[in-house]
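The residues making up each chain are set out below.
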2 protein chains.
Amino acid sequence: MTTEASPRPSAAYDELASLLRTAATLTSIRATLSWDQETVMPPRGGSFRAEEIALVSTLEHERLTDPRIGELLAACESDRGLCSNEAIAADLREIRRDFERATKLPTELVAEIARTSSEALEVWKEARQRSDFALFRPWLEKQFRLAADKARCYGIPEGGELYDPLLDEYEPGASAREIEGIFGPLRAALAPFLAEILAAPRAIDPSPRALRLPLARQREFSRFVAERIGFDFRAGRLDESTHPFTEGLAPGDTRITSRFSEDHATDALGSTLHEAGHALYEQGLPKDLHHGLPLSQAIGLGIHESQSRMWENQVGRSRPFWSWALPEAKRFFGPALEPLSVDQIYASVNQVRPSLIRVEADETTYNLHVMLRFDVERAMVRGDLRVADLPAVWNERMRGDLGQEVPDDRSGCLQDIHWAGGAIGYFPTYTLGTLYAAQFWEAIRQAIPDLDEHLARGEFGALLSWLRENIHAHGRRWRAGELCLRLTGRPLGHGPMLRHLGTKLRPIYGI
Amino acid sequence: MTTEASPRPSAAYDELASLLRTAATLTSIRATLSWDQETVMPPRGGSFRAEEIALVSTLEHERLTDPRIGELLAACESDRGLCSNEAIAADLREIRRDFERATKLPTELVAEIARTSSEALEVWKEARQRSDFALFRPWLEKQFRLAADKARCYGIPEGGELYDPLLDEYEPGASAREIEGIFGPLRAALAPFLAEILAAPRAIDPSPRALRLPLARQREFSRFVAERIGFDFRAGRLDESTHPFTEGLAPGDTRITSRFSEDHATDALGSTLHEAGHALYEQGLPKDLHHGLPLSQAIGLGIHESQSRMWENQVGRSRPFWSWALPEAKRFFGPALEPLSVDQIYASVNQVRPSLIRVEADETTYNLHVMLRFDVERAMVRGDLRVADLPAVWNERMRGDLGQEVPDDRSGCLQDIHWAGGAIGYFPTYTLGTLYAAQFWEAIRQAIPDLDEHLARGEFGALLSWLRENIHAHGRRWRAGELCLRLTGRPLGHGPMLRHLGTKLRPIYGI
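All figures in this text were calculated on a predicted structure; none of them were measured in a lab.

## Description of the overall build of chain A
So, step 1. Across its full length, chain A carries 23 helices and three strands.
So, step 2. The C-alpha atoms of chain A give 23 Å as radius of gyration, which agrees with the globular expectation for 511 residues (24 Å, within 12%).
So, step 3. In terms of overall dimensions, chain A has a C-alpha envelope of 65 × 55 × 45 Å along the principal axes.
So, step 4. Scored against the burial criterion, the 511 residues of chain A give a buried share of 49%.
So, step 5. Nonlocal contacts in chain A, meaning residues at least 24 apart in sequence, comprise 73% of its contacts between residues at least 6 apart.

Listed below in structure tokens is the structure:
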């Protein structure tokens, strides 16, 4: 499905694939160690785990920068027959990109970043729990210093800045300026829309949010919904962690986590749908065929996030979805849900409520959280903002952008795991994904005109098939921007996202 | 505590320690991958996991056979100052042993065994579930073929047999003939004792075994008892698996599993005590000081098993233990346990009942299970028994030794995980451990005269301290036989074990 490469393209390509498969095996091992650290590892295992991860990262980097890869790649690139195959040409393009990037980094720096990230995660957990920024601060400083070192090794693209090569790791080819060009108009459009909603006369019925539902049943319901939308539990798991995530560990092994609390049952379901969306992408990548090759890998985090956002928002916050899901939920939760109507729950899951915590934010304010993070991490990378000043600047922005007073750093700049784990330049992909999701959704509605009826029957196969055929199966064949053009005929913009919000929220709020 | 090596012994020793620490890091990674496979990995992750484990095993073997280790070892061995330190001399002796053994194995064979074991485990799980020996048979044949290949690489010791180098992996220095010399008299003594018990006029009250106790509370109670005897949950976990096990993953990370069913609450507690006993040994090894060096490692599986058996049997099946544990259990389980007396539960957990499943066997018949396995695996290694004939021979022996008719292979030769995972030569260590436990226990009773009062108060600190000081802290400083002589003044024998059984069971059965 994803490649016309038949029969065997060349001995050099085969050897290249074999070397990359071994490197990918090390990547899988590292992913398993990380998953374990985030979900089950006892606290005292942390320092040695950091040694393990540093060692695997070193071995992985040695394989990825093996000069033999360079030789084989050059041989393949000069093989016209090979390059006339469009899929293989794309594969080689991406292998070249990865190789060029990897060889710019000294192994010691890779190991240092891996070790620091694993250690910093343990400190962050404690600092967050105790709301103690001072405890985490030296580690955050070290992470930003290492990120800057890494960015300098990659080199600043012409006309760009130090943040760009970091962003490029998560969103290939993107630049801070480009992000600014997307975020600026989005922000300008969101602000008045948010003001209008907050001033709306109609209030959302608070009773669904006041429900307390038993954890055990919530877990079962999450599992049921994840399975129903297509998550393959023979090739995956659903666990719990403070910060929900998805890890595509290996072919046949994609794991998601969610988090449950008695009084936030719909948040937990949203979180499960979000991670299951990521997981459906991972499970749809042709790993069995091409493991280790770009053709089996995700395009970037923006597209990855488009998959999670779509299931969380376009599906999971839609009226048709709830007209199927509410009766199912009543089966699971019994009398507690009996009085609830689809209208009530639909309005409730779409309630706009500026808040402190990004992962609990509604669709409208969510992107303001992301923009805040983009601005401050960019400023810290550029050296315009000192890590020590982060809490003050964070709290100031929360006041200005979202009207929220931050009571402590746990609910402020210590809330996210990303920087602790060295993921700097990652945040913008959340909003890119949100925008891609809305833009793809308009194309999907055209391709599947009776989509709402499918959702209302709890049938998700047609939607998943579309995603599999048009996105998942192709791995990194096209970059995000090109994929967007192919699927929607337009470059990424914020129009579809605002239409999505307006169409849904205006009737709910009666504005 | 474990070494007088101060300050730094030599540059060569330091470098050696550093190389071995890296190899141990790979061992820890492999252990994490195995733990994951046994507890949480989804089924479709199995085939790629086998690739990962094979890769790590290869890397580990390359490190362990690095010629630089040979050079450094030779330099250390010729350094008289270094070798005058008894702890370091012991360390070098064991490093030499490991290096000699490792260098006899080709890396390809190591990788092949690792891959096969990981794959065979998945097949065994399915075969066991379906009670389908034919499905597992080719894998079992392959495991025995690979084991024989491995044994031939190690070489047969003078006057020994092919089984010896396999046994030596788990019980350093032991031989099949030696095991025979211990098992023979034990068997001769056990048989009439068992007959006497089975003919005893007094029956054990069946009511405690008929209790059904909720799983959630059982889990909590197991956790409570494990913590109480000294298991450090900051540096460990307790999970569930079909075949309970302990994995010392890394410094600060020792994990145990148990298994729970509503109608076997005391079996579950026994299983937890058993694995916690292993874990206390792992947590007591001086890994923080010497990780990767023999001084931080377990002597062998016989001694490892002595620790688990002691907590399971000498402690967990004693009257003093239950006079503390029963009131605690009543706190956890409420009214269901109210009518139960210490005498009733004490008799119940000591009931002798020949049965099909080794891990459910009582103390008396347990060793007959082990001897059966020793005999058949030895015969299969020697080529005296074909794998195809295993079920018939197994069932025949169960009839003769334990008077049990085997209804299906699931309850027969497919019940154990060991051979699937390539652990051939492992079984005898279960009985060695049982004998060591009884013999050590007599020494401990002399060292702590009021031990029973401690146990009756639920105070396990004095016992644990004795084990820590006399066994755990020393790693592989002494071989098992030497340790036994040091602690008990005698070589290993079956006298203490039979005294232990007789003193306990004769009053219970009124014989």
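Next comes the rest of the write-up.
## Some points on the sheet that holds strand 2 (residues 246–250) of chain B
All names here are of chain B.
So, step 1. Taking strand neighbours across the sheet as the criterion, the three strands line up as 1-3-2 in an open arrangement whose pairing is mixed. The open sheet has two free edges, formed respectively by strand 1 (236–240) and strand 2, since each of these has just one partner strand. For this sheet the average axis-to-axis angle between neighbouring strands, irrespective of direction, equals 20°.
So, step 2. Two strands pair when backbone bridges link them, and strand 2 and strand 3 (residues 253–258) are joined in this way by four bridges, in the antiparallel orientation. By the bridge assignment, glutamate 247 is partnered in strand 3 with arginine 255.

## Considering the packing of helix 6 (residues 107–130) of chain B against helix 7 (residues 133–154) of chain B
Residues and elements named next belong to chain B.
So, step 1. Interhelical geometry of helix 6 versus helix 7 gives an angle of 155° and a closest axis separation of 9 Å. With respect to each other, helix 6 and helix 7 are oriented roughly antiparallel. For helix 6 against helix 7, the interelement crossing comes out left-handed. Only Phe133, Leu135, Phe136, Trp139, Lys142, Gln143, Leu146, Asp149, Lys150 and Cys153 of helix 7 make contact with helix 6, whose side of the interface consists of Leu109, Glu112, Ile113, Thr116, Ala120, Val123, Trp124, Glu126, Ala127 and Arg130.

## Examining the relation of the copies chain A and chain B
Each of the two chain copies goes to the other by way of a rotation about an axis and a shift along it.
So, step 1. Rotating chain A by 180° and moving it 0.1 Å along the rotation axis overlays it on chain B with an RMSD of 0.0 Å. Interpreted geometrically, this transformation is the action of a two-fold axis.
So, step 2. When the interface residues of chain A are mapped onto chain B, 94% of them are again interface residues, pointing to one common binding face.

## Considerations on the interface of chain A and chain B
So, step 1. With 31 residues of chain A in contact, the opposing surface of chain B contributes 29 residues.
So, step 2. Only helix 1 (11–39), helix 2 (46–64), strand 1 (236–240) and strand 2 (246–250) of chain A provide two or more residues apiece to the side of chain A that touches chain B.
So, step 3. Sort the elements by how many residues they give to the side of chain A that touches chain B and helix 2 of chain A lands first, with eight residues.
So, step 4. Of the residues that constitute the side of chain A that touches chain B, the class distribution is 15 nonpolar, eight polar and eight charged.

## Remarks on the environment of alanine 443 of chain A
All names here are of chain A.
So, step 1. Topologically, alanine 443 is positioned in helix 19 (residues 428–447).
So, step 2. It is 37 Å that separates the C-alpha atoms of alanine 443 and alanine 210, two residues lying 233 residues apart in sequence.
So, step 3. Residues in contact with alanine 443, not counting those within four places in the same chain, are Leu487 and Thr488.

## Examining the sheet that holds strand 1 of chain A
All names here are of chain A.
So, step 1. A sheet is described by the order of its strands in space; here three strands give the open sequence 1-3-2, paired in mixed fashion. Among the strands making up the open sheet, the edge pair consists of strand 1 and strand 2. Taking the axes of each pair of neighbouring strands and ignoring which way they run, one obtains an average angle of 20° across the sheet.
So, step 2. For strand 1 and strand 3 (residues 253–258), the ladder comprises five bridges, and the chain directions are parallel. Across the sheet, glutamate 240 pairs through a bridge with serine 258, a residue of strand 3.
So, step 3. Where helix 1 meets the sheet, it contacts strand 1, strand 2 and strand 3, and its direction lies at approximately 140° from that of strand 2.
So, step 4. Along the sheet, helix 12 (residues 265–284) contacts strand 1, strand 2 and strand 3; its crossing angle with strand 3, the most-contacted strand, is approximately 165°.

## A few points about helix 17 (residues 363–382) of chain A
All names here are of chain A.
So, step 1. If you check helix 17, its first and last C-alpha atoms are 30 Å apart, about what 20 residues at 1.5 Å a residue would give, namely 28 Å.
So, step 2. Of all the 20 residues making up helix 17, 17 are buried; the element is thus mostly covered by neighbouring parts of the structure.
So, step 3. Looking one or two residues past helix 17, glycine 383 carries a phi angle of roughly 90°, positive in sign.

## Some details on the packing of helix 12 of chain A against helix 14 (residues 301–315) of chain A
Any two packed helices are characterised by how steeply their axes cross, that is the angle between the axes, and by the distance between the axes.
Residue and element names in this part refer to chain A.
So, step 1. One way to put it is that helix 12 packs onto helix 14 with a least axis distance of 7 Å and a crossing angle of 140°. The angle between helix 12 and helix 14 places the two elements in the oblique class. Helix-helix and strand crossings are classified by hand; for helix 12 and helix 14 the assignment is right-handed. On the side of helix 12, the interface is formed by Gly270, Leu273, His274, Glu275, Ala276, Gly277, His278, Leu280 and Tyr281, while helix 14 contributes His304, Gln307, Ser308, Met310, Trp311, Glu312 and Val315.
So, step 2. When its residues are assigned to classes, the contact of helix 12 with helix 14 shows seven nonpolar, seven polar and two charged.

## Details of helix 18 (residues 390–402) of chain A
Residue and element names in this part refer to chain A.
So, step 1. With 13 residues, helix 18 extends 17 Å from end C-alpha to end C-alpha; this agrees with the ideal 18 Å at 1.5 Å per step.
So, step 2. Residues of helix 18 that are buried: Leu390, Trp394, Arg397 and Met398. The buried residues of helix 18 occupy one face: seen down the axis, they fall within an arc of 105°. Summarising the geometry of helix 18, the exposed residues directed more than 90 degrees from the buried face are Ala392, Glu396, Arg399 and Gly400.
So, step 3. Packing partners of the buried residues in helix 18 comprise helix 17.
So, step 4. Backbone geometry just downstream of helix 18 places glycine 403 in the positive-phi region, at approximately 65°.

## Describing the pairing of strand 2 of chain A
So, step 1. Among the five residues of strand 2 of chain A, five are classified as buried, and the element is accordingly described as predominantly covered.
So, step 2. Once strand 2 of chain A ends, the chain turns through two residues before running back antiparallel as strand 3 of chain A, passing glycine 252 of chain A with a positive phi of about 80°.

## Overview of the environment of isoleucine 156 of chain A
All names here are of chain A.
So, step 1. Mapped onto the fold, isoleucine 156 is located in the loop between helix 7 (133–154) and helix 8 (163–170).
So, step 2. For the pair formed by isoleucine 156 and leucine 166, sequence separation is 10 residues and the distance between their alpha carbons is 9.8 Å.
So, step 3. Contacts of isoleucine 156, omitting those with residues within four sequence positions, involve Glu161, Leu162, Asp164 and Pro165.

## Here we look at the environment of asparagine 313 of chain A
All names here are of chain A.
So, step 1. Mapped onto the secondary structure, asparagine 313 falls in helix 14.
So, step 2. Put simply, asparagine 313 and asparagine 350 are 37 residues apart on the chain and 9.1 Å apart in space, counted from C-alpha to C-alpha.
So, step 3. Residues within four places of asparagine 313 in sequence aside, it is in contact with Glu363 and Ala437.

## Looking at the confidence of the model for chain A
Residues and elements named next belong to chain A.
So, step 1. Across chain A, the average pLDDT comes to 95, with 98% of residues at or above 70.
So, step 2. Overall, residues 1–7 carries pLDDT values under 50, and its contacts beyond four positions in sequence, including any with other chains, amount to 15 contacts.
So, step 3. Predicted complex metrics record ipTM = 0.93 and pTM = 0.94.

## With respect to unusual backbone geometry
So, step 1. Not every positive phi belongs to a glycine, and serine 131 of chain A is a case in point at roughly 50°.
So, step 2. Tracing the backbone shows serine 131 of chain A in the loop between helix 6 (107–130) and helix 7.

Criteria and thresholds
- The residue count restarts for each chain, going from 1 along the sequence in the order it is written.
- Labels are handed out in written order, letters beginning with A for the chains and numbers beginning with 1 for the ligands.
- Per-residue local features are limited, in this predicted model, to residues with pLDDT of at least 70; the limit for side-chain atom pairs, both in listing and counting, is 80 or more; totals at the level of whole chains, interfaces and linings are taken over all residues.
- Per the convention used, a helix needs a DSSP run of H or I reaching at least four residues, while a strand needs a run of E reaching at least two, with both numbered from the N terminus.
- Radius of gyration here is computed from C-alpha atoms only, and the compact-globule reference equals 2.2 Å multiplied by the residue count raised to the power 0.38.
- A residue is called partly exposed when the number of other C-beta atoms within 10 Å of its own lies between 12 and 20, exposed at 12 or fewer, and buried at 20 or more, with C-beta atoms placed from the backbone.
- Contacts here follow a simple rule: the backbone-placed C-beta atoms of the two residues must lie within 7 Å.
- Think of it this way: DSSP has to see at least two bridges between two strands before they count as a pair.
- An axis is simply a line fitted to the C-alpha atoms; with a helix, the fit covers only the stretch in contact. Between two such axes, the angle follows the N-to-C directions and lies from 0 to 180 degrees.
- In these notes the angle categories are as follows: under 35 degrees is roughly parallel, over 145 is roughly antiparallel, 65 to 115 is roughly perpendicular, and the rest is oblique.
- Helix crossings fall into two classes, left-handed where the near helix is turned counterclockwise from the far one by less than a right angle and right-handed where it is turned clockwise.
- Each copy is superposed on the other by least squares, with the fit set by C-alpha atoms of residues at a pLDDT of at least 70 in both.
- Polar here means any residue outside two lists: the nonpolar Ala, Val, Leu, Ile, Met, Phe, Trp, Tyr, Cys and Pro, and the charged Asp, Glu, Lys and Arg; Gly therefore counts as polar.
- Every helix has an expected span of 1.5 Å times one less than the residues it contains.
- In this context, the arc is that of the directions from the helix axis out to the C-beta atoms.
- The predictor rates its confidence in each residue with pLDDT, a number between 0 and 100.

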